[in-house]
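# An overview of the molecular structure
What follows is each chain in one-letter form.
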Amino acid sequence: MGPRPVRCFALALLASALVRAQAPDADTIVRRSLDRDWTDFTTQRDYVYQQRSEFRDFDRSGMVKNRRSETREIQILFGRRYERKIARNDHPLSPVEERKEQEKLDREAAKRSRETANDRARWEKQRAEDRAFVRELPDAFTFLLTGSETISGQPAWVLEAEPKPGFRPKHSRADMFKKVRAKIWIEQATYHWVKMEALVLDTLSFGLGLFRVAPGTTMFFEQLRVNDEIWLPSSIKIRGDARLALLKKVRAEMDLTYSGYRKFQGDSRIVETAP
């Protein structure tokens with residue numbers, strides 16, 4: 001090997017070492033990500049968009065036996081998320097159904113408009129409590145930084161998460177961490193979780209054990225950058241077996257896709273936006 005290849009090789013090693021030195025370690029990345037609101041809730045108040053949910057049930061041979069979908073418009077109504085159904089199985093609602101949905105929206109808007117400051121503080125406290133269990137992530141998993149990739153045009157760290165043996169959750173909802181393996185993408189500039197793939201390793205129980213998710217179930221989540229100011233959901237996918245009320249076994253898939261992002265301006269007009 002001549003001097004030029006040797007110099008190139010040495011420079012490549014140096015550059016690699018500098019990148020590793022500049023990147024925080026995996027635990028630091030995760031802890032910093034927990035210090036921010038992953039949902040960008042304050043900025044999200046300015047946006048309205050659509051969520052399409054498709055559910056597929058399978059028979060024992062693996063063939064689809066039932067397929068159904070719903071499309072809902074998502075908005076923040078007086079500080080909280082509100083979903084209004086606008087389509088079923090990709091067809092617009094009938095005039096009667098549409099009128100009922102509008103009436104529901106009007107009733108809910110009137111109800112929320114009468115809430116006191118104490119009521120709003122109670123909802124904010126509940127939202128914070130709903131996220132409290134994620135603070136246990138650093139104790140629940142061993143994180144390994146494996147590289148970086150580009151998500152929605154932004155560089156993101158890629159981390160592998162393995163459950164730590166002997167983890168004892170403080171929050172009841174954190175118990176699920178013992179039964180999941182995950183791969184996580186965290187944006188480098190803002191520490192948002194922008195993508196995640198997870199595999200269920202052991203049975204997960206919800207609703208006093210009446211709904212159980214079987215091992216082998218996979219979950220996928222991804223966000224996209226909108227208007228260079230906010231991360232909003234792009235897709236959520238769940239595949240696997242579940243048992244309802246401890247009796248009925250269901251093999252199903254659920255796909256949630258998000259689109260049609262529009263932003264409210266100060267004069268309450270909606271303007272089209274693009275990722």
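Residues numbered from 1 in each chain as written. Predicted model: local features only at pLDDT ≥ 70, side-chain atom pairs only at ≥ 80, totals over all residues. Heavy atoms only, no water.

All of the buried residues in helix α2 (residues 26-34) are Ala26, Ile29, Val30, Ser33 and Leu34. Burial along α2 is one-sided: seen end-on, the buried residues are contained in an arc of 135 degrees. Buried-residue contacts for α2 involve α6 (137-140), β5 (141-151), β6 (154-163), β7 (180-187) and β8 (193-200). The N-cap residue of α2 is Asp25: its side-chain oxygen and the backbone nitrogen of Asp27 are 3.1 Å apart. (Buried < 20%, exposed > 50% of the residue type's maximum accessible area, 1.4 Å probe, protein only. Helix = DSSP H or I, 4+ residues; strand = E, 2+ residues; numbered from the N terminus. Arc of directions from axis to C-beta. Contact = heavy atoms within 4.5 Å. Polar contact = N/O pair within 3.5 Å; in protein donor to acceptor, adjacent residues only side chain to side chain.)

This part is about the environment of His91. Checked against the element boundaries, His91 lands in strand β4 (residues 91-92). We classify His91 as exposed; its relative accessible area is 54%. Considering only alpha carbons, one finds His91 and Ser69, 22 residues apart in sequence, at a separation of 9.6 Å.

Turning our eyes to something else, we now look at the confidence of the model for the protein. Do not read the predicted coordinates in detail wherever pLDDT is low. Considering every residue of the protein, the mean pLDDT works out to 84; 82% of them sit at 70 or more. This stretch, residues 266-275, has a pLDDT under 50; its non-local contacts, to residues over four places away or in other chains, come to 22 contacts. (pLDDT = per-residue confidence, 0-100.)

It is worth spelling out a positive patch on the surface at this point. Taken together, the side chains of Arg60, Arg212, Arg243 and Lys249 make up a positively charged region of the molecular surface. Along the chain, the position of Lys249 falls in strand β13 (residues 248-264). We classify Lys249 as exposed; its relative accessible area is 54%. (Patch = residues over 30% accessible without salt bridge, like charges linked within 9 Å, V, L, I, M, F, W, Y side chains within 5 Å. Areas by Shrake-Rupley, 256 points an atom, 1.4 Å probe, with all protein chains shown as cover. Salt bridge = Lys/Arg side-chain N within 4 Å of Asp/Glu carboxyl O. Lys, Arg positive; Asp, Glu negative; His and termini not counted. Charge placed at Lys NZ, Arg CZ, Asp CG, Glu CD.)

What follows concerns the pairing of β5. Sheet analysis places β5 next to β6, joined by 10 bridges and oriented antiparallel. In the sheet register, Leu144 faces β6, and the bridge partner there is Glu160. (Pairing = 2+ DSSP bridges.)

This part takes up the packing of aromatic side chains. Where two aromatic rings form a pair, the distance of their centres and the angle of their planes describe that pair. Inspection of the entire model under this criterion finds six aromatic pairs. A ring pair is formed by Phe141 and Phe177, whose centres lie 5.6 Å apart and whose planes are at 55 degrees; its orientation type is tilted. Taken together, the positions of Phe141 in strand β5 and Phe177 in the loop between β6 and β7 put the pair 36 residues apart, joining distant regions of the chain. For Phe141, a relative accessible area of 5% translates into the label buried. Members of the aromatic cluster, joined through ring pairs, are Phe133, Phe141, Phe143 and Phe177. A cation sits over an aromatic face here: Arg80 above Trp123, 4.0 Å from the ring centre. The ring of Phe220 carries the charged tip of Lys237 above its face, separated from the ring centre by 6.0 Å. (Phe/Tyr/Trp six-rings, centres within 6.5 Å; stacked < 30°, edge-to-face > 60°. Lys NZ or Arg CZ within 6 Å of the ring centre and 35° of its normal.)

In this section: unusual backbone geometry. Of note, Ser152 is a non-glycine position whose phi angle comes to about 50 degrees, a positive value. What makes Ser152 partly exposed here is its relative accessible area of 35%. Backbone geometry places Tyr191, a non-glycine residue, at a positive phi of 65 degrees. Note that Tyr191 resides in the loop between β7 and β8.

A separate point is the side chain of Gln223. Of note, Gln223 is situated in strand β11 (residues 218-226). Under the relative-accessibility criterion, Gln223 is labelled buried at 7%. A distance of 3.0 Å separates the side chain of Gln223 from the backbone oxygen of Trp193, its partner in a polar contact.

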